[in-house]
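Results of the structural survey
So the chains spell out like this:
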Amino acid sequence: MEQVIPNTPVALVVGVIGMAGLSLAEALASPTTLGGPWKVYGAARRPKPTWFPSSILNLYISFDALNFDDTLKQLSPIAHEVTHVFWVAIQVRENEESNISSNSIMLENVIKVLKSATPSPLCHITLQTGTKHYMGPIFDPVLRTKLVHHEPPFQQDMPRLPYPNFYYALEDLLA
């Protein structure tokens, strides 16, 4: 697939109404950001909240990333522009296997739609991970009682824990 990188970077922040997503969108839209200001699209499952500062986004997009057809419908119009995806979205389910399934489907649907643009300018995907990356599935009702996790301070080059972990599944999907 041919890759064309425009002069202005274009970000899709998935999970934009969370703390990390909002801060990221604000930073990218700033004229002082490297390469900035970026064109910033923000996406979330829910409609835009009334408190959300519209001025930081070029467009707010609400869609259900678990539904490929909805993802295709909502992201196709911008797929030919997006150069960078910042994935800060999460859906927490009843156990880690469900987390792996739903979060993998969401990321896969978004990437599949963005890569379907001809040519696709997508050149970078950033995946934010959190505490569970180093401590394991701490909210899983069964697994949390069996966890033996890394000791702080945590390092990015620490080996994976021997437990199911949706962050690992997302990393593998992007590898």
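Rules and cut-offs
- Residues numbered from 1 in each chain as written.
- Predicted model: local features only at pLDDT ≥ 70, side-chain atom pairs only at ≥ 80, totals over all residues.
- Heavy atoms only, no water.
- Pairing = 2+ DSSP bridges.
- Helix = DSSP H or I, 4+ residues; strand = E, 2+ residues; numbered from the N terminus.
- Axes fitted to C-alpha atoms, helices over the stretch in contact; angles between N-to-C directions.
- Contact = heavy atoms within 4.5 Å.
- Salt bridge = Lys/Arg side-chain N within 4 Å of Asp/Glu carboxyl O.
- Buried < 20%, exposed > 50% of the residue type's maximum accessible area, 1.4 Å probe, protein only.

Let's talk about the sheet that holds strand β3 (residues 59-62)
Each strand in a sheet pairs with another by means of backbone hydrogen bonds, the pair being arranged parallel or else antiparallel. The 5 strands are arranged β3-β2-β1-β4-β5 in an open sheet whose pairing can be described as parallel. Edge positions in the sheet fall to β3 and β5 (124-127), since each of these pairs with one other strand and no more. On average, each strand axis in the sheet is inclined to that of its neighbour by 15°, with strand direction left out of account. Where strand β2 (residues 39-44) meets β3, 4 bridges bridge the pair, whose relative direction is parallel. Across the sheet, the residue bridging to Y41 is L59, located in β3. This element, helix α1 (residues 19-29), spans β1 (10-14), β2 and β4 (84-87) of the sheet and lies at about 170° to β1. Helix α5 (residues 166-174) contacts β4 and β5 of the sheet and is inclined by roughly 170° relative to β5.

Quick notes on the pattern of salt bridges
Pairs may arise between side chains of opposite charge once their charged atoms sit close together. Enumeration according to the criterion identifies 4 salt bridges in this entry. In this structure, the salt-bridge partner of K132 is E96, at a minimum N-O distance of 3.0 Å. A residue pair is termed long-range when its members are at least 10 positions apart, and K132 in helix α4 (residues 132-135) and E96 in helix α3 (residues 96-115) qualify at 36 residues. Comparing K132 with E96, the two get one shared label, buried. With its nearest N and O atoms 3.0 Å apart, the salt bridge here joins R160 to E171. With R160 in the loop between α4 and α5 and E171 in helix α5, the pair connects residues that are 11 residues apart, well separated along the chain.

These results come straight from atomic positions and should not be treated as a statement about function.
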